[in-house]
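# Coordinates in review
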Amino acid sequence: MQESGLVKDIVKIDIPAEAQAIDMVLVRRAVRKLKHSSERWKKYCESQGLPDVVNPLLVLQAPNTPDHDKLGQAIDVIFEEMPELGSDSIRHVLSEHTMQTFGAHQVNWIEPQVVEDRTHVRVLIAKDAISTGWDCPRAEVLVSFRPAKDHDHIQQLLGRMVRTPLARRVPGDDELNSVDCLLPFFDRKTAGDVVKLLTAQIDGVPDPTGRKVILEECVMTPNKAISDEVWKVWDDLPSMTIPQRGTSPVKRLASLALALSTDGVRPGALAEMARKIHSVLDESAELYKSRVKAATAEVLTVRLQEISAKFGTTGVGYTDVVEQADERAIRAAFEDARKAFGSDIAQTYVDHLTGEDDSDDVLRDAFVRAAALACVPEVREAVDKKSDEIAEELFEEHADAIQDLADDRQQEYREINALAATPQISRLGRPRTRIEDYIEEIDGQLRRAELVKLHLMSDENGDAPIAKLNDWEGEIVKHEIARSGALAWYRNPPRQTADSLGIAYRDETTGNWRSMHPDFIFFHEVDGEAKASIVDPHGHHLDDSLVKLQALARFAEDHGHAFHRIEALSKVGDVMKMLNLKDENVRSIVLSGGRTVDWYYNSQFAGNYYAEN
């Protein structure tokens, strides 16, 4: 679910710097977050032409014995910050299913299951997980009045809030893919325990989903110091899809053509593609004439077996019986053509064969011909091959137009592209917002994160905190941006998103497709041009290190022309070693396999990374 974008990527936590009751300060901050989120969702939904605007929800979590006066003060603060809200915008889901008095405010009860659809409700007073089976994707801000010891109850409620409002990730926008938690009665140590609960961390083991928890958020937007030339290079970088099973190439092509036609990118595309596939079927029918003739005879024949036995005798007799296919049998055989070529192509091919002659005999012959062609493996292979070729041409020809469509439509094309049997190349989307943390934890101590310039995404001062980078990664970033001609760098998200460069590979154990995401993309001026480089530090002791190294090598072999450098790094002792995967000899030895990753980094094929100019 995390990989698919159905649940939010980021959990942001606000806690007091000192052990004191500053609950109303955090309530005020929560309302401002709600207001900011509302504005962003309104702008996003309108820009995408979505029929409904997402109205985010603020949840006030009360203790088991609610302090009605305290909740009343919170409602006072809410109305001060968002006076446009009325009394009808606040509801409660406490166990008392009657109107409750909180300070000077009368608040009605609402059935939990209808909160999501009652979009005028913007503030909800609750206790724990509310009720079994309840969730609320538009719930994005939580203020908990529970004491620090109740962190399990907070986790329970947050479990109801993590679904994304659009059932998909908003491409490149961390702010709209996040949930905010404000915990006025928690100290930093207890908040750390909540962090581990929320991200399934055990003794510091990183969360495999890539979900982040933020203590002091740094909202990053496209860095104004980065030139348009760098972004143009970014727009042309190749990224790979993970193949999704379940459809044939010709059905994938039909889906693509329909989408292009529907979006006005290529009007009449479905009819155009159908004509091209009809030509392939006609050519194949002639090329494999004898095979098609035999298949036609099979379609027109119904083979039966009669089983008989006689009283007073032993044994059973079997007799083969051949009958002429009737109209129903032919239509049943035609279903194979619909499955092989897709309903649209199969039906329009029948129309193509009949032309203007719609007599019964001509129509019957057309159904038989289509069914027979579907029975010939060489014909199906020819159709599949041509379908893949046409689809690739269409994706390439209309890449710019697709990039200009709304996010949900772009997602549709990504999903169609991923229906191919093999990984496909797609364009990277530009990141819109990125949320990082100004705070990092070192050996249990919290401190300010180091700030670095030139990241594609930055705060208003052009800085990017590198709190989430380990020592290796921090060293590499500082080394790369100190190189001559450094223009920009990018921390590649470790999951499948529109703004993450992905490389597909086969899982050796299951045979399923997986994706790896190299850690960094750096941009340097080379011979007067901006060029991108992949630099991927990866511990060679990890179980997946060899298969990922080989995936990066294959990517370099196929798409290395799009990059200045493609380098895999790992530390051997105290020395950072580098495998230059743009070098044919290095790629060849890596792809030949039969050795451990440790061997490659200790061999003559590896160089010293910091020895580079």
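Above this text is the structure in question.
Residues numbered from 1 in each chain as written. Predicted model: local features only at pLDDT ≥ 70, side-chain atom pairs only at ≥ 80, totals over all residues. Heavy atoms only, no water.

### Section: the overall build of the protein
- From N to C terminus, the protein includes 18 helices and 28 strands.
- Contacts spanning at least 24 positions in sequence make up 72% of the contacts within the protein whose residues lie at least 6 apart.
- Working note: accessible area of the protein is about 29500 Å², and carbon and sulfur atoms make up 47% of it. (Helix = DSSP H or I, 4+ residues; strand = E, 2+ residues; numbered from the N terminus. Contact = heavy atoms within 4.5 Å. Areas by Shrake-Rupley, 256 points an atom, 1.4 Å probe, with all protein chains shown as cover.)

### Some words on the environment of Glu525
- Along the chain, Glu525 turns up in strand β24 (residues 520-526).
- Accessibility expressed as a relative area gives 46% for Glu525, which makes it partly exposed.
- Aside from chain neighbours lying at most four places away, what touches Glu525 is Gly485, Leu487 and Ala530. (Buried < 20%, exposed > 50% of the residue type's maximum accessible area, 1.4 Å probe, protein only.)

### Observations regarding the pattern of salt bridges
- The full count for this structure, using the stated rule, is 30 salt bridges.
- Two residues, Arg565 and Glu480, come together in a salt bridge whose shortest N-O distance is 2.7 Å. Here Glu480 lies in helix α15 (residues 471-481) and Arg565 lies in strand β26 (residues 565-572), a separation of 85 residues in the sequence.
- We classify Glu480 as buried; its relative accessible area is 0%.
- A salt bridge links Arg514 to Asp507; the shortest N-O distance between them is 3.6 Å.
- Judged by relative accessible area, which is 35%, Arg514 ranks as partly exposed.
- Each member of the salt-bridge network shares a partner with another, and the members are Arg28, Arg32, Glu80 and Glu81. (Salt bridge = Lys/Arg side-chain N within 4 Å of Asp/Glu carboxyl O.)

### Some points on the packing of helix α6 (residues 249-262) against helix α7 (residues 269-287)
- Between α6 and α7, the least distance of the axes is 7 Å, while the angle of their chain directions is 150°. Classified by the interaxial angle, the pair formed by α6 and α7 is roughly antiparallel. Across the interface between the two elements, Val250, Leu253, Ala254, Ala257, Leu258, Leu260 and Ser261 from α6 touch Ala269, Leu270, Met273 and Ile277 from α7.
- Residue composition of the contact of α6 with α7, grouped by class: 10 nonpolar, one polar and no charged. (Axes fitted to C-alpha atoms, helices over the stretch in contact; angles between N-to-C directions. Parallel < 35°, antiparallel > 145°, perpendicular 65-115°, else oblique. Nonpolar A, V, L, I, M, F, W, Y, C, P; charged D, E, K, R; others polar.)

### Overview of the pairing of strand β8 (residues 178-182)
- Within β8, five of the five residues are buried, leaving the element largely enclosed by the surrounding structure.
- Of the two faces of β8, the one lined by Ser178, Asp180 and Leu182 and the one lined by Val179 and Cys181 are each fully buried.

### Quick word on the sheet that holds strand β28 (residues 607-608)
- Overall, mixed pairing links the six strands, which are arranged β21-β24-β25-β26-β27-β28 in an open sheet. Edge positions in the sheet fall to β21 (486-491) and β28, since each has one partner strand and no second.
- One ladder, built from five bridges, connects β21 with β24; its direction is antiparallel. Residue pairing across strands places Tyr490 opposite Ile521, the latter belonging to β24. (Pairing = 2+ DSSP bridges.)

### Some words on the packing of aromatic side chains
- Applying the stated criterion to the full structure yields 10 aromatic pairs.
- Between Trp231 and Trp234, the aromatic rings sit 6.2 Å apart at their centres with planes inclined by 70°, giving edge-to-face as the arrangement. A residue pair is termed a helical-turn pair when its members lie 3 or 4 positions apart in one helix, as Trp231 and Trp234 do in helix α5 (residues 228-235) at three residues.
- Relative to Phe563, the ring of Phe555 lies with its centre 5.9 Å away and its plane at 55°, an arrangement referred to as tilted.
- With a relative accessible area of 3%, Phe563 lands in the buried category.
- One aromatic cluster is present, formed by Trp231, Trp234 and Tyr490 through successive ring pairs.
- Across from the ring centre of Phe520, 5.4 Å away, lies the NZ or CZ of Arg491, which sits over that ring.
- Positioned above the aromatic ring of Trp599 is the side chain of Arg595, whose terminal nitrogen or guanidinium carbon lies 4.5 Å from the ring centre. (Phe/Tyr/Trp six-rings, centres within 6.5 Å; stacked < 30°, edge-to-face > 60°. Lys NZ or Arg CZ within 6 Å of the ring centre and 35° of its normal.)

### With respect to a negative patch on the surface
- Negative charge collects at one region of the surface, where Asp357, Asp358, Asp360, Asp361 and Asp365 lie side by side.
- In this fold, Asp365 is placed in helix α11 (residues 360-374).
- Judged by relative accessible area, Asp365 falls into the partly exposed class, the value being 47%. (Patch = residues over 30% accessible without salt bridge, like charges linked within 9 Å, V, L, I, M, F, W, Y side chains within 5 Å. Lys, Arg positive; Asp, Glu negative; His and termini not counted. Charge placed at Lys NZ, Arg CZ, Asp CG, Glu CD.)

### Digging into the packing of α7 against helix α10 (residues 343-354)
- Running from amino to carboxyl end, α7 crosses α10 at an angle of 70°, the nearest separation of the two axes being 9 Å. Looking at the two axes, α7 sits roughly perpendicular to α10. At the point where α7 passes α10, the crossing takes the right-handed sense. On α10, the residues that touch Leu270, Ala274, Ile277, His278, Leu281 and Asp282 of α7 are Asp344, Ile345, Thr348, Tyr349, His352 and Leu353. (Left-handed = near helix turned anticlockwise from the far one by under 90°.)

### With respect to the sheet that holds strand β10 (residues 217-222)
- The antiparallel open sheet is built from three strands, whose spatial order is β15-β10-β19. Of all the strands in the sheet, the pair left with one neighbour each is β15 (434-437) and β19 (457-458).
- By the bridge criterion, two bridges tie β10 to β19 in an arrangement that is antiparallel. Counterpart to Thr221 in the pairing with β19 is Ser458.

### Notes on the environment of Asp23
- Looking at where Asp23 falls in the secondary structure, it is placed in helix α1 (residues 23-47).
- Taking the C-alpha atoms as reference points, Asp23 and Pro184, separated by 161 residues in sequence, lie 4.9 Å from one another.
- Excluding residues within four positions of it along the chain, Asp23 makes contact with Lys70, Phe145, Pro184 and Phe185.

### Some points on the nonpolar core
- Leu256, Leu260, Ile277, Leu281, Phe341, Val383 and Tyr413 are the most contacted members of the largest nonpolar core, which has 46 residues in total.
- For this core, the secondary-structure elements that each account for two or more residues are α6, α7, α8 (289-299), α9 (327-341), α10, α11, α12 (377-397) and α14 (407-417).
- The biggest single contributor to this core is α11, with eight residues.
- Setting aside residues no more than four positions away along its own chain, Leu256 makes contact with Ala391, Leu394, Phe395, Tyr413 and Ile416.
- Judged by nonpolar contacts, the second largest core, of 40 residues, contains Ala488, Tyr490, Leu552 and Phe563. (Core = buried A, V, L, I, M, F, W, Y, C linked by side-chain atoms within 4.5 Å.)

### Things to note about the side chain of Thr354
- Assignment of secondary structure puts Thr354 in helix α10.
- A polar contact of 3.1 Å, which involves the side chain of Thr354, links it to the backbone oxygen of Asp351. (Polar contact = N/O pair within 3.5 Å; in protein donor to acceptor, adjacent residues only side chain to side chain.)

Without other data, these values stay purely geometric and don't point to any function.
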